[in-house]
Amino acid sequence: MYVKIKSIALVIVIFFSTIKAQSVVLQESYDNRFTPQEIGLPDNMPYVKSIIWGKEGVFRKLDIGPDTRIEELELRRKMLKHHQWIGILTLAGLAYQYDVGKKLYDGDDDKYWDDHYDTHKAMGYFTYATYMTGASLSIFAPPARKYDNNFSSIKFHRAMAVIHFSTMMAQPFLAKKAVEDGKRYNDLMDAHLKAGTVAFFALSLDALGITFFK
Amino acid sequence: MRKLTFILFFQFLFSQAIPVEIDSEKSFLSYEGKHPAHNWTGISKDIKGSFIFDKDQPILSSVDLYIPVFSFDSGNSNRDSNMLDVVEDYFYPSVSFTSSSITKEKEQYYINGVMFFHGIEKKMRIPVKFIIENDTIVVDTNFIISLSDHNIKRPSFLTIKIKDNIEIKLHLVGSI
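Keep in mind that what you see is a predicted model, and the values were worked out from it rather than measured.

Brief notes about the overall build of chain A
At step 1: Across its full length, chain A holds eight helices and zero strands.
At step 2: Reading the helices (α) and strands (β) of chain A from amino to carboxyl end gives α-α-α-α-α-α-α-α.
At step 3: Looking at chain A as a whole, 21% of its 214 residues are labelled buried.
At step 4: Relative to all contacts within chain A whose residues are 6 or more apart in sequence, the contacts with residues 24 or more apart total 76%.

Structure representation (structure tokens):
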């Protein structure tokens, strides 16, 4: 009887030892893997982003923006989706502007000038407005989860943005100055055309990069 | 009763089931995302959990692995951030796989188990290959997961959504 009890006890011990040996993950570790985590601000935030959305950023001080980081990320996603569509609209507008603007600059056809000048001017305001709206949606969007220093399509996008942003900023001022300053009309119009050309090709290259590069 | 005791005792004594120490430098899990404009690969070397391997009877082995979603790196932080948004890692920080059994069919091993991803549990049968050299085991597997199966809203670019099927590749190196 005693031997039998010992044997049963031994079987139970061995059985549970085996089970225990198979319980390969500590309970604490097992729980942690599924526990939702508090997410903070990312490391390596770009300078402009940290001025706006950093811990001591302008929006934090003015209490602008959502209450939680998760809501910030949802807002970011919406803003960048609109940024994408407005960017495509702007590119289409700039393609038209580049074509018409070049013909207005090069041509001696008064009829073409009469037919297209006002449209070019109106489209100028339109593309400027859409470009700046699209840029604002990106600049003011809450920070992403991650930032790194790898060269990727997003790095290329940011580099190209410096070029097309600065040339787009200059565009209306160059045109306005050219109209106001008759003596420097040719030089300023020349600069207006060059800035427009750079803006259009930089934005086109940017769109290709963000679409097809990894 | 004595016979059973001896069988269990000796099985226990000579059991070759030993924990595998995962080499985090050489091991990785990758996913391949596809969009008509471009494909990309995200890699994580942060494989956690445990792997118990039975040298004599591999079908008695078991795995319980998990990977923090945040650890995946595709070389483009913007894309990684978008991925973290769609898989909502702030609610579901890890993707895990726990085996329930291992079977062998025509020289091919299969791990049966449950994948937990984006709050959805999905039963899976994954084909695996393994090689043992001295005290090192190398496990390789490729399989497909469906984003819609895990209730993940596929992100889109220029109105085109990424492909629903994501190819997963695991290369696990460990010492036994």
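Additional details are given in the paragraphs that follow.
Observations concerning the environment of Leu174(A)
Residues and elements named next belong to chain A.
At step 1: Considering the arrangement of structural elements, one finds Leu-174 in helix α7 (residues 153–180).
At step 2: Sequence separation of Leu-174 and Lys-194 is 20 residues, and the distance between their C-alpha atoms is 10 Å.
At step 3: Setting aside anything within four residues of it in sequence, one finds Leu-174 in contact with Leu-188, Ala-191, His-192 and Ala-195.

Here we look at the pairing of strand β3 (residues 28–34) of chain B
Residue and element names in this part refer to chain B.
At step 1: Here β3 runs beside strand β13 (residues 165–175); their pairing, made up of five bridges, is antiparallel. The residue of β13 that forms the bridge with Phe-28 is His-171.
At step 2: Bridge count for β3 against strand β4 (residues 39–44) is six bridges, and the pairing is antiparallel. Bridge assignment links Ser-30 to a residue of β4, and that residue is Ile-43.

Some remarks on the nonpolar core
At step 1: Counting residues in each nonpolar core, the largest one holds 28 residues, and the members touching the most others are Ile47(B), Phe51(B), Leu65(B), Val69(B) and Val87(B).
At step 2: No other element matches the four residues that strand β6 (residues 62–68) of chain B contributes to this core.
At step 3: With residues up to four places along the chain from it excluded, the contact list for Leu65(B) reads Ile47(B), Lys48(B), Gly49(B), Phe51(B), Ser96(B) and Phe97(B).
At step 4: One finds Tyr131(A), Leu174(A), Ala195(A) and Ala199(A) within the second-largest nonpolar core, a separate group that totals 11 residues.

A word on helix α6 (residues 110–139) of chain A
Residues and elements named next belong to chain A.
At step 1: For α6, which comprises 30 residues, the first-to-last C-alpha distance of 42 Å matches the rise-based estimate of 44 Å (1.5 Å per residue) to within 8%.
At step 2: Its axis deflected by about 40° at His-116, α6 carries its strongest bend there.
At step 3: Looking only at α6, the buried set comprises Gly-124, Thr-127, Thr-130, Tyr-131, Gly-134, Leu-137 and Ser-138.
At step 4: Summarising the contacts, the buried residues of α6 are in contact with α5 (69–106) and α7.

Digging into α7(A)
Residues and elements named next belong to chain A.
At step 1: With 28 residues, α7 extends 41 Å between its outermost C-alpha atoms, agreeing within 8% with the 40 Å of an ideal straight helix rising 1.5 Å per residue.
At step 2: A bend of about 30° at Gln-171 is the largest found in α7, and the proline Pro-172 appears one to four places after it.
At step 3: All of the buried residues along α7 are Ser-153, Ile-154, Met-160, His-164, Thr-167, Met-168, Gln-171, Leu-174 and Ala-175.

Thoughts on the confidence of the model for chain A
All names here are of chain A.
At step 1: Looking at chain A, the pLDDT average stands at 88 and 88% of residues meet or exceed 70.
At step 2: Predicted confidence in chain A is weakest over helix α1 (residues 2–22), with a mean pLDDT of 62, and strongest over helix α4 (residues 58–61), with 96.
At step 3: Segment residues 20–24 is flagged for pLDDT under 50; beyond a separation of four residues in sequence, or across chains, it makes eight contacts in the model.

A closer look at the confidence of the model for chain B
All names here are of chain B.
At step 1: Looking at chain B, the pLDDT average stands at 91 and 91% of residues meet or exceed 70.
At step 2: β3 holds the highest mean pLDDT among the elements of chain B, 97, whereas helix α1 (residues 2–13) holds the lowest, 58.
At step 3: Interface predicted TM-score (ipTM) for the complex: 0.80; the corresponding pTM is 0.82.

What about unusual backbone geometry?
All names here are of chain B.
At step 1: Of note in the backbone geometry, Lys-106 takes a positive phi value of approximately 50° without being a glycine.
At step 2: Within the secondary structure, Lys-106 sits in the loop between β7 (94–105) and β8 (108–117).
At step 3: You can call Lys-106 exposed: it has 4 C-beta atoms within 10 Å.
At step 4: A positive phi angle, close to 55°, is found at Leu-158, a residue other than glycine.
At step 5: Position of Leu-158 among the secondary structure elements: in the loop between β11 (156–157) and β12 (160–161).

Quick look at the packing of α7(A) against helix α8 (residues 185–212) of chain A
All names here are of chain A.
At step 1: It is the contact of α7 with α8, at a shortest axis distance of 8 Å, that shows an interaxial angle of 155°. It follows from the interaxial angle that α7 and α8 lie roughly antiparallel. For the pair α7 and α8, the crossing hand works out as left-handed.
At step 2: For the contact of α7 with α8, the per-class residue count stands at 20 nonpolar, eight polar and two charged.

Notes on the pairing of β7(B)
Across a regular strand the side chains alternate sides, sitting on one face of the sheet and then on the other.
Residues and elements named next belong to chain B.
At step 1: Bridge count between β6 and β7: five bridges; the pairing is antiparallel. Each bridged residue has a counterpart across the sheet, and for Tyr-66 the counterpart in β7 is Ser-96.
At step 2: Here nine bridges tie β7 to β8, and the two strands are oriented antiparallel to one another. Bridge pairing in β8 links Ile-102 to Ile-111.

Section: the packing of α6(A) against α7(A)
All names here are of chain A.
At step 1: Contact geometry for α6 and α7: axes closest at 11 Å, N-to-C directions at 150°. Between α6 and α7, the crossing angle belongs to the class labelled roughly antiparallel. Along this stretch, α6 crosses α7, giving a crossing that reads as left-handed. Counting all contacts with α6, which are made through Gly-124, Tyr-128, Tyr-131 and Ala-135, the residues of α7 involved are Phe-165, Met-168, Gln-171, Pro-172 and Ala-175.

Cut-off values and rules
Residues numbered from 1 in each chain as written. Chains lettered and ligands numbered in written order. Predicted model: local features only at pLDDT ≥ 70, side-chain atom pairs only at ≥ 80, totals over all residues. Helix = DSSP H or I, 4+ residues; strand = E, 2+ residues; numbered from the N terminus. Buried ≥ 20, exposed ≤ 12 C-beta atoms within 10 Å, placed from the backbone. Contact = placed C-beta atoms within 7 Å. Pairing = 2+ DSSP bridges. Core = buried A, V, L, I, M, F, W, Y, C linked by C-beta atoms within 7 Å. Expected span 1.5 Å × (residues − 1). Bend = angle between axes of the 7 residues up to and from the residue. pLDDT = per-residue confidence, 0-100. Axes fitted to C-alpha atoms, helices over the stretch in contact; angles between N-to-C directions. Parallel < 35°, antiparallel > 145°, perpendicular 65-115°, else oblique. Left-handed = near helix turned anticlockwise from the far one by under 90°. Nonpolar A, V, L, I, M, F, W, Y, C, P; charged D, E, K, R; others polar.

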